Amino acid sequence: MHLLNRLHEQTQCPNICMTGGVAMNSVANGKITQQTPFENVYIPAGAADNGTSFGAAFHVWCKELHQPRTFVQNHALWGWEATPEECLKAINELDLPYEKLEENELVDKVTDLMLDGKVVGWFQGRIEFGARALGNRSLIADPRRTDMRDIINLRIKFREKFRPFAPSILEEKVGEWFEIDEPAPYMEKVFPILKERHAEIPAVTHVDGSGRLQSVSKETNPLYHKLISKFEEKTGVPIVLNTSLNENEPIVRTPEEGISCFLRTDMDVLALGPFLIDRNREDFPDKYKKRVSINQIGT
């Protein structure tokens, strides 16, 4: 903070861009706006060493090929995307029952499942670039449930109960739930949650009353924005719990990896593109049924 304040004193610039490993410290990033005069804090996706791949590409584009600097990194969805045909092929290889849904039906069904306390694997579109799951390879759930953190940590992540999860919030609603109204599209900042909101979203509120938010834009991720908007329509809360779609391994990339993660954990449902795979269906293979019930959590 001393260095940042000194930098502002010398430049009088209202904008700051942070990169490098230090910029992966989301708690410190969230304090820059409060503890320095900088008004706009930008931290790109892949702020650490992996971001050098972007830099190398831009060096060639601008310096070697003499092309104009026109690119703006306003989202992180740059990875590989599975087609519906590839998703269906992975499902059929294991002979799993499924339901194919139109986009609006999928969003409506998934939000109903979340309201019923289910943990949903959300596998959609291009995989995220960088360290965070940002709504394309995510586990999503109802943030209003006080037990949801324990359910996911013990049934799916198999890790310590205190480990927190992120609130994915509609970009236009950040100021209604957090003390700082500032975008955080890459889950790169921790902000204090308004005190009167703590009890409404206990599953994504840290013990100090903060949250590592992800602001979701309608322009850059319309499907995820639609899902959260539908959840808000049903609950009044424009937030869903978001954590990475994985289990003690790198985030899943392919449909096969997504199904593998789904089957070896106690995830309830997997939304694999337009296909919904529900473990609670009567015709679901017995060998893949749940191993842990919610009532066993913490015992």
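Just so it is clear, the model here is predicted, and its values are computed rather than measured.

Here is what the cut-offs are and how they apply
- Residues numbered from 1 in each chain as written.
- Predicted model: local features only at pLDDT ≥ 70, side-chain atom pairs only at ≥ 80, totals over all residues.
- Heavy atoms only, no water.
- Helix = DSSP H or I, 4+ residues; strand = E, 2+ residues; numbered from the N terminus.
- Rg over C-alpha atoms; globule rule 2.2 N^0.38 Å.
- Buried < 20%, exposed > 50% of the residue type's maximum accessible area, 1.4 Å probe, protein only.
- Contact = heavy atoms within 4.5 Å.
- Core = buried A, V, L, I, M, F, W, Y, C linked by side-chain atoms within 4.5 Å.
- Patch = residues over 30% accessible without salt bridge, like charges linked within 9 Å, V, L, I, M, F, W, Y side chains within 5 Å.
- Areas by Shrake-Rupley, 256 points an atom, 1.4 Å probe, with all protein chains shown as cover.
- Salt bridge = Lys/Arg side-chain N within 4 Å of Asp/Glu carboxyl O.
- Phe/Tyr/Trp six-rings, centres within 6.5 Å; stacked < 30°, edge-to-face > 60°.
- Lys NZ or Arg CZ within 6 Å of the ring centre and 35° of its normal.
- Axes fitted to C-alpha atoms, helices over the stretch in contact; angles between N-to-C directions.
- Parallel < 35°, antiparallel > 145°, perpendicular 65-115°, else oblique.
- Left-handed = near helix turned anticlockwise from the far one by under 90°.
- 1 Å grid on protein atoms, 1.4 Å probe; cavity = no way out; pocket = protein on both sides within 12 Å on 5 of 7 lines; lining within 4 Å.
- Points joined across faces, edges and corners; volume = space filled by probe spheres on them.
- Pairing = 2+ DSSP bridges.

An account of the overall build of the protein is requested, with residue identities and associated values reported.
Secondary structure assignment for the protein yields nine helices and 11 strands. The C-alpha atoms of the protein give a radius of gyration of 20 Å, which matches the 19 Å a tight globule of 299 residues would have. Along the first, second and third principal axes, the C-alpha set of the protein runs to 65 × 50 × 35 Å. When each of the 299 residues of the protein is scored for burial, the buried share is 49%. Once local pairs closer than 6 in sequence are excluded, the contacts in the protein between residues at least 24 apart make up 68%.

Which residues make up the nonpolar core, and what values go with them?
Residues Val110, Trp122, Ile140 and Ile259 are the most contacted members of the largest nonpolar core, which totals 62 residues. Not counting residues within four places of it along the chain, the set of residues in contact with tryptophan 122 comprises Leu106, Val110, Gly135, Asn136, Arg137, Ser138, Ile140, Leu223, Tyr224, Leu227, Leu245 and Ala271. In terms of nonpolar packing, the next biggest core, distinct from the first, is built from nine residues, Met18, Ala23, Val41 and Ile43 among them.

Any chance you could break down a nonpolar patch on the surface for me, citing the residues and the numbers?
Among the surface-exposed residues, Phe58, Val60, Trp61, Leu65, Phe71 and Trp78 lie close enough to one another that they form a single nonpolar patch of about 550 Å² accessible area. By the element assignment, tryptophan 61 lies in helix H3 (residues 52-64).

Describe the packing of aromatic side chains, with residues and values.
Taken as a whole and judged by the stated rule, the model has eight aromatic pairs. Between phenylalanine 71 and tryptophan 78, the ring centres sit 5.4 Å apart and the planes meet at 55°, which makes this aromatic pair tilted. A relative accessible area of 38% places tryptophan 78 in the partly exposed class. Look at phenylalanine 262 and phenylalanine 284: their rings are 6.2 Å apart centre to centre, the planes differ by 85°, and that puts the pair in the edge-to-face class. With a gap of 22 residues between them, phenylalanine 262 in helix H9 (residues 255-264) and phenylalanine 284 in the segment after strand S11 (275-278) connect regions that are remote in the sequence. Residue phenylalanine 284 is classed as buried on the basis of its relative accessible area, which comes to 2%. Chaining the aromatic ring pairs together yields one cluster made of Phe54, Phe58, Phe71, Trp78 and Phe129. Over the ring of tryptophan 80 we find arginine 253; its NZ or CZ atom is 5.1 Å from the centre of that ring.

Residue-level account of the packing of helix H5 (residues 103-115) against helix H8 (residues 222-235), with values.
Two elements in contact, H5 and H8, have axes whose closest approach is 9 Å; the angle formed by their N-to-C orientations is 50°. Between H5 and H8, the interaxial angle falls into the category oblique. Crossing of H5 over H8 shows right-handed handedness. The segment H5 lies against H8, with Glu103, Asn104, Val107, Asp108, Val110, Thr111, Asp112, Met114 and Leu115 engaging Leu223, Lys226, Leu227, Lys230, Phe231, Lys234 and Thr235.

Give me empty space enclosed by the protein: which residues, what numbers.
In this structure the tally under the stated criterion is one cavity of 30 Å³ or more. The volume enclosed by the largest cavity comes to roughly 130 Å³. Along its surface, the largest cavity is lined by 16 residues, and Met24, Ala45, Gly46, Arg132 and Tyr186 are the ones closest to its centre.

Let's hear about the pairing of strand S9 (residues 239-244): which residues, and what values?
Here S9 lies mainly inside the structure; six of its six residues are buried. Bridge analysis of strand S5 (residues 137-141) against S9 gives four bridges, and the strand direction is antiparallel. Paired with isoleucine 140 across the bridge in S9 is asparagine 242. Bridge count between strand S6 (residues 166-170) and S9: four bridges; the pairing is antiparallel.

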